[in-house]
Amino acid sequence: MPVSDTNPDLALYIHWPFCRQKCPYCDFNSHVRTTHDSAEFGTALCLEMSYMAKMLADRRALTSIFFGGGTPSLMPPAVIGKIIAHAEKIFGFAPTIEITAEANPTSVEAKIMTEFYHAGVNRVSMGVQSLDNDILKFLGREHDVAEALSALDTVRHSFDNLSIDLIYATAGQTLNDWQNTLSQALAFDLPHLSLYQLTIEPGTVFYTRQRNGETLNLDDDHAADLFELTQHITAAAGLPAYEISNHGKPTAQCQHNMNYWRAGDWIGIGPGAHGRFTIAADEYKNLQRVGTATRRSPAGWLQSVQKTGHGIDNRTHDGADAFAAEMIMMGLRLTTGVSIQQIETICGPRGEWLDDAAVTQAIEDGWLDRNQSNDSGMVTDLRATDAGRLRLNHIIAMILR
Amino acid sequence: MTDISHIRNFSIIAHIDHGKSTIADRLIQSCGGLSDREMKQQVLDSMDIERERGITIKAQTVRLDYRAKDGKTYVLNLMDTPGHVDFGYEVSRSLSACEGSLLVVDASQGVEAQTLANVYQAIEADHEIVSVLNKIDLPAAEPERVKAQIEEVIGLDASDAIAASAKTGQGINDILEALVKKLPAPTGDSEAPLQALLVDSWYDAYLGVMTLVRVRHGVLKKGMKIRMMATGATHVIERVGVFAPKPVAIDSLGPGEIGFINAGVKRVADAKVGDTITEERRQCEKALPGFAPSVPVVFCGLFPVDTNDFSTLRDALEKLSLNDASFSFEAETSAALGFGFRCGFLGLLHMEVIRERLSREFDLDLISTAPSVVYQMEMTDGKRFDLHNPADMPDVTRLASIEEPWIKATIMTPDDFLGSVLTLCTERRGEQLDLTYAGNRAMVVYRLPLNEVVFDFYDRLKSITRGYASFDYALDSYRPGDLVKVSILVNGDPVDALSMIVHRDQAEGKGRAICLRLKDLVPRQMFKVALQAAIGGKVIARETIAALRKDVTAKCYGGDITRKKKLLEKQKEGKKKMRQFGKVDIPQNAFFEALKMGDN
């Protein structure tokens, strides 16, 4: 795979794996522990960051940092500060850097966000999840609606760049129910919303309950109705979807996540974190994009980092076709779509990875569009239509070789 | 050459699982045919599939040397016979080479339908029968009840039935003694011209074409020039031998003896089963009565999943047919499934065994269509032909009549289930011929269209009787029927591989059932799919598969890519398991599963 002329953006993901409790729908790498030493984990995160930085083809300024989890709002602000400072020291920051932390909407964590702000965090993504107490209870959340709203209020004092997560399409939820919740959320006038349809993932409590015959989420037909409603309401309110589940004002799109969808480079540190980035050119002649995954167990990861400087336990090298597949798979999630020409310059002729006949058919059938210009001036010559985005898994399997 | 008065030839008749092969193993062991080290379980079932399923497919033969209580050594030739209805033709061959039979009945289960059919064949072949009650060591054994059943149902004197256990070895010596005492020695004249029956032939990877023979008169010797009386071909015998149970070369085979020859025959088809072998120089006057050739009665289409495997499939079929002259195949083209073969089998188990061997021994991924039977068509212009594939059914306006094969089926069931069995037979257009009781078991005899039995009758019978019923059938006759072809249309286009021939009265019900099953089998597509069943141009049933509304991952960030890629690979794999028909993806198993009727 040839190196592109300009290296893509570089982002940093930090995984904080601890939670006060495990939510029944969540399949992220999270652990309920109280015995860990947060400072020790902070030090290890910095160590691993340095290790990964050395793997990189070049040292580029970071365009974004994201603290995810787990529950990063449980991190001591001093640890956050130390990590941010370390990142600036070894990478440098782009002038527009976005630094996001995920937070639970409780009063305690909302107050800590002010300290996060002083440590350098400039964007908060709050896991509100619902504005309906019954649904919050169903989702096993600690907070209720009142507490979430008050936490949101507190956080708004420090942060303009603020987003909340909502989960919908739970069993029994009607178009009306969801419309009410969504209108309420839009009334907060936030610059960004993440709206996720409830998905039952293997390894979760919900998965077991579903296998035992419980209905936990809406069937595909009703879920599709709610999805379509969501598109209309948010667009009308000035927060159109820019990705399957993400809505924002054009200026407030999450840069960090955009980097995933555009298949840029990112480093992932912490237990069970994934990274994908371009490594030093002399190490592998033809395959330069590497995927890393670290050990999932917090204790195991910590031990490994302290011993070897990193917790990587799986490393993959993507060939041109795999990289092209990633760009299509992720890029078509965006309303702007992908630039086939750009992928060709990186991954070689499209015939190797794209089924042109299937693309033509999908365009004819109304699932894909070609030659759409967009506001950012980027050339995107393939995008999914609204109908196509709702069936994207199927379409991607159809068009990729 | 063995003294003819010291030869005993016998076959074993038993229902599946009644312990035929284990009894055979014990007999072999007891006569020292194999050391304990060489004793695999069930020596005779040499194919993997045979051993796994506990069934015997090819008849096998073993020569045993037994020193009897009278101090003389006897040669016992054991012909193991298949226990399943599909391989009935193998049974008749084995019987014709022997003078007696060992009837093995499970002392707890009693007589089953298959046993019945085979034992009647043996009685017809003038066999002396030695009854054995096997598994006598089981707590559930009821020897007296089973003896009474043998007397009532079969009509054999069971007073001297031997209580045996292949597991503990009990009664094995009694069996050997009874064979020597009760069975007659064969008769034959060693001075007469050679007259030998060609019992079986198969291909051995090391020895080439093996021919199993039973000598009636004269002597077979190495170097002798022989003539196959039916084909007229002549060959020189290269090797004469017996199975003990490993092949052992000997000098000659005399009257009454069973053994094998290698005679430079190139193809199994050239060593025709049932043919009579004589000496070229001194020919016998008359050929022995042969066997009715085995004719395939069940047909289905086999198509490679990967179209590139077509030639591999052809080679595999050719190889299998080397050893099994009873199944036929010819190239077939289907609009839905591409290039494949229309294959003919002796029955459903035979079909299953061949399919399994294709996938196991040749690593082939296959799509098979639902099985159908052979219809005799008469056209308005007087032409007649056999229809093997419903898709080839001519236009009704040119058809004078259709005849379908009927069978005579014997079912044995505990009387608790009799009502459901009768209902099932009636649903399948059956005509009751006989109904008798023996103890708490009932025996029903029905005449049924094979068409109604060929697909899922046996599964249904097993399920409504919780596995207790046994079933056997023989082809009866061809009878005219009011039969129509039901086509299945997907988005308006007929799918050839799904068409079927059914009785007019059942067409609508079956058409609706198939559309409903397809609705479950075919995944939702990006567009609405109409499923229709039609007779000629007339639609008789219709179902709609709604278009796929939603298939998208809600959350997909950096950490999800690896998993998402795996999912994508799985999706693509899944797509490979589909056949594109027009724009509609149809899963491979649908072509078979859709025609299964289940409870109706």
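See the structure printed just above.
Note that the structure is predicted; figures quoted are calculated from it, not measured. (Residues numbered from 1 in each chain as written. Chains lettered and ligands numbered in written order. Predicted model: local features only at pLDDT ≥ 70, side-chain atom pairs only at ≥ 80, totals over all residues. Heavy atoms only, no water.)

Caption draft 1: The arrangement of the interface of chain A and chain B in detail. Counting from both sides, the interface comprises 42 residues of chain A and, opposite them, 23 residues of chain B. Buried area between chain A and chain B, both sides added, is near 3,300 Å², and the carbon and sulfur share of it is 53%. Inspection of the chain A/chain B interface yields eight salt bridges. In this structure, Lys565(B) and Asp318(A) form a salt bridge, with 3.3 Å as the shortest nitrogen-oxygen distance. Linking chain A with chain B are 23 residue pairs in polar contact (both at pLDDT 80 or more), by the criterion used here. Here the side of chain A that touches chain B is composed, by residue class, of 18 nonpolar, nine polar and 15 charged. (Contact = heavy atoms within 4.5 Å. Buried area = accessible area lost by both parts, 1.4 Å probe. Salt bridge = Lys/Arg side-chain N within 4 Å of Asp/Glu carboxyl O. Polar contact = N/O pair within 3.5 Å; in protein donor to acceptor, adjacent residues only side chain to side chain. Nonpolar A, V, L, I, M, F, W, Y, C, P; charged D, E, K, R; others polar.)

Caption draft 2: Summary view of the side chain of Thr100(A). Along the chain, Thr100(A) turns up in strand S3 (residues 93–103). On the basis of relative accessibility, which here comes to 0%, the residue Thr100(A) falls in the buried class. (Helix = DSSP H or I, 4+ residues; strand = E, 2+ residues; numbered from the N terminus. Buried < 20%, exposed > 50% of the residue type's maximum accessible area, 1.4 Å probe, protein only.)

Caption draft 3: Quick peek at the sheet that holds strand S12 (residues 239–243) of chain B. All names here are of chain B. Spatial strand order, S11-S10-S16-S7-S8-S15-S12-S13: eight strands in an open sheet with antiparallel pairing. Here the strands that pair on one side only, and so sit at the sheet edges, are strand S11 (234–236) and strand S13 (247–250). This sheet shows a mean twist of 40° between the axes of neighbouring strands, independent of strand direction. (Pairing = 2+ DSSP bridges. Axes fitted to C-alpha atoms, helices over the stretch in contact; angles between N-to-C directions.)

Caption draft 4: Geometry of the packing of aromatic side chains. Using the criterion set out here, one finds 23 aromatic pairs over all chains in the structure. Each member of the aromatic cluster is reached from another via a ring pair, and the members are Phe310(B), Phe327(B), Phe329(B), Phe339(B), Phe341(B) and Phe345(B). Arg479(B) extends its terminal NZ or CZ atom over the ring of Trp406(B), reaching a point 4.1 Å from the ring centre. The ring of Tyr196(A) carries the charged tip of Lys555(B) above its face, separated from the ring centre by 4.5 Å. (Phe/Tyr/Trp six-rings, centres within 6.5 Å; stacked < 30°, edge-to-face > 60°. Lys NZ or Arg CZ within 6 Å of the ring centre and 35° of its normal.)

Caption draft 5: Molecular detail of the pattern of salt bridges. Taken as a whole and assessed by the stated rule, the structure comprises 50 salt bridges over all chains. In this structure, Glu326(A) and Arg276(A) form a salt bridge, with 3.2 Å as the shortest nitrogen-oxygen distance. Taken together, the residues span a long stretch of sequence, with Glu326(A) in helix H11 (residues 320–331) and Arg276(A) in strand S10 (residues 274–278) at a distance of 50 residues. The burial state of Glu326(A) is the same as that of Arg276(A); both residues are buried. One salt-bridge network, held together by shared partners, links Arg60(A), Asp265(A), Arg276(A), Arg289(A), Asp318(A), Glu326(A) and Lys565(B).

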